[in-house]
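Next come the chains, spelled out residue by residue.
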Amino acid sequence: MSALARLCDDIRACQECELARHRNRVVPGAGAEDADLLFIGEAPGWHEDQQGRPFVGPAGQFLEQLLSSIGLRRDDVYIANVVKCRPPENREPLPAEIEACRMWLDRQVALIRPRMIVTLGRHSLSRYFPTETIGKVHGRPRQLDGVLYYPMYHPAAALHQGSLRQTIEADMLKIPEILAQGREEPPGPIEDRQLSLF
Ligand code: SF4
């Protein structure tokens, strides 16, 4: 069993926050353990809570379409969430719950070591850039401590607000070029800065 699989087993046993009392199944994450791209959403919804897998409902279907638009399948990337258990009534995760779950996501990132972290939605963006707003920074890559971050709207946003669909699709189409540019960036400690491409 891989270190990531063991970590996911540990996550499944977690009781660190109130959400443990409400969940049906824990949703640690899924995908390629050596993925270049790590997508981080907000929290499991009803479908995910039933199946124990991330992004399996309507938003997940849209995410698969988005991945397909850049020639990828979900098994080519890793998909996780800021919190691993479904908040009751699909409410937003509370700051204390996000904080309690922080260690799990940090350990996943440390094991996967993705080349790019794609934050999906507001909570995922805030996890790394608490002062930024998604409306301002979506579609604009940023490098921090040697990791490339790319904020996008959450795919579910397109389901609630159809006008965002094209924006999300356009942001996804930029990813291959950003990754290619990131390969040319110098290694080493890197200050928080925007890349020049977009
Ligand atoms: S949300 Fe995270 S911290 Fe809370 S019980 Fe689930 S796995 Fe543990």
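Details of the structure are given in the entry above.
Residues numbered from 1 in each chain as written. Predicted model: local features only at pLDDT ≥ 70, side-chain atom pairs only at ≥ 80, totals over all residues.

Asker: Describe the overall build of the protein, with residues and values.
Answerer: Looking only at helices and strands, the protein has nine helices and seven strands in total. The C-alpha extent of the protein, read off along each of the three principal axes, is 45 × 40 × 30 Å. Here the protein holds 198 residues, and 40% of them are scored as buried. Considering only contacts within the protein whose residues lie at least 6 apart along the sequence, 73% involve residues at least 24 apart. (Helix = DSSP H or I, 4+ residues; strand = E, 2+ residues; numbered from the N terminus. Buried ≥ 20, exposed ≤ 12 C-beta atoms within 10 Å, placed from the backbone. Contact = placed C-beta atoms within 7 Å.)

Asker: Lay out the site of the ligand in plain terms, naming residues and giving numbers.
Answerer: Around the ligand, a shell composed of 15 residues is seen, among which C14, C17, A20, C85 and C101 lie nearest. Tallying contributions element by element places helix α4 (residues 95–112) first for the shell around the ligand, with four residues. Here the residues of the shell around the ligand sort into eleven nonpolar, one polar and three charged. (Near = placed C-beta within 6 Å. Nonpolar A, V, L, I, M, F, W, Y, C, P; charged D, E, K, R; others polar.)

Asker: For α4, give the residues involved together with the corresponding values.
Answerer: Compared with the 26 Å implied by 1.5 Å per residue over 18 residues, the 25 Å span of α4 between its first and last C-alpha is a close match. Along α4, the largest kink reaches about 40° and is centred on C101. For α4, the full list of buried residues reads E97, I98, A100, C101, W104, L105, Q108 and I112. Where α4 is buried, its residues contact α1 (3–12), β2 (37–41), β3 (78–81) and α5 (122–128). A positive phi of about 50° marks R113, the residue just after α4. (Expected span 1.5 Å × (residues − 1). Bend = angle between axes of the 7 residues up to and from the residue.)

Asker: How would you explain helix α8 (residues 165–173) if you had to name every residue and give the values?
Answerer: Three or more residues of α8 are buried, namely I168, D171 and M172. An end-on view of α8 places all buried positions within 100° of arc, on one side of the element. In α8, those exposed residues whose orientation departs by more than 90 degrees from the buried face are Q166 and A170. (Arc of directions from axis to C-beta.)

Asker: Quick one: what's the story with the environment of Q108, residue by residue and with numbers?
Answerer: Note that Q108 resides in helix α4. Taking the C-beta count within 10 Å as the criterion, Q108 has 22 such neighbours and is therefore assigned buried. Taking the C-alpha atoms as reference points, Q108 and F129, 21 residues apart in sequence, are found 18 Å from one another.

Asker: Got a sec to walk through the environment of L37? Specific residues and values, please.
Answerer: With respect to the helices and strands, L37 occurs in strand β2. Classification of L37 as buried rests on a count of 23 C-beta atoms within 10 Å. Sequence separation between L37 and D76 is 39 residues, and the spatial gap between their C-alpha atoms is 8.2 Å. With near-sequence residues (within four places) excluded, L37 lies in contact with V77, P114, M116 and V118.

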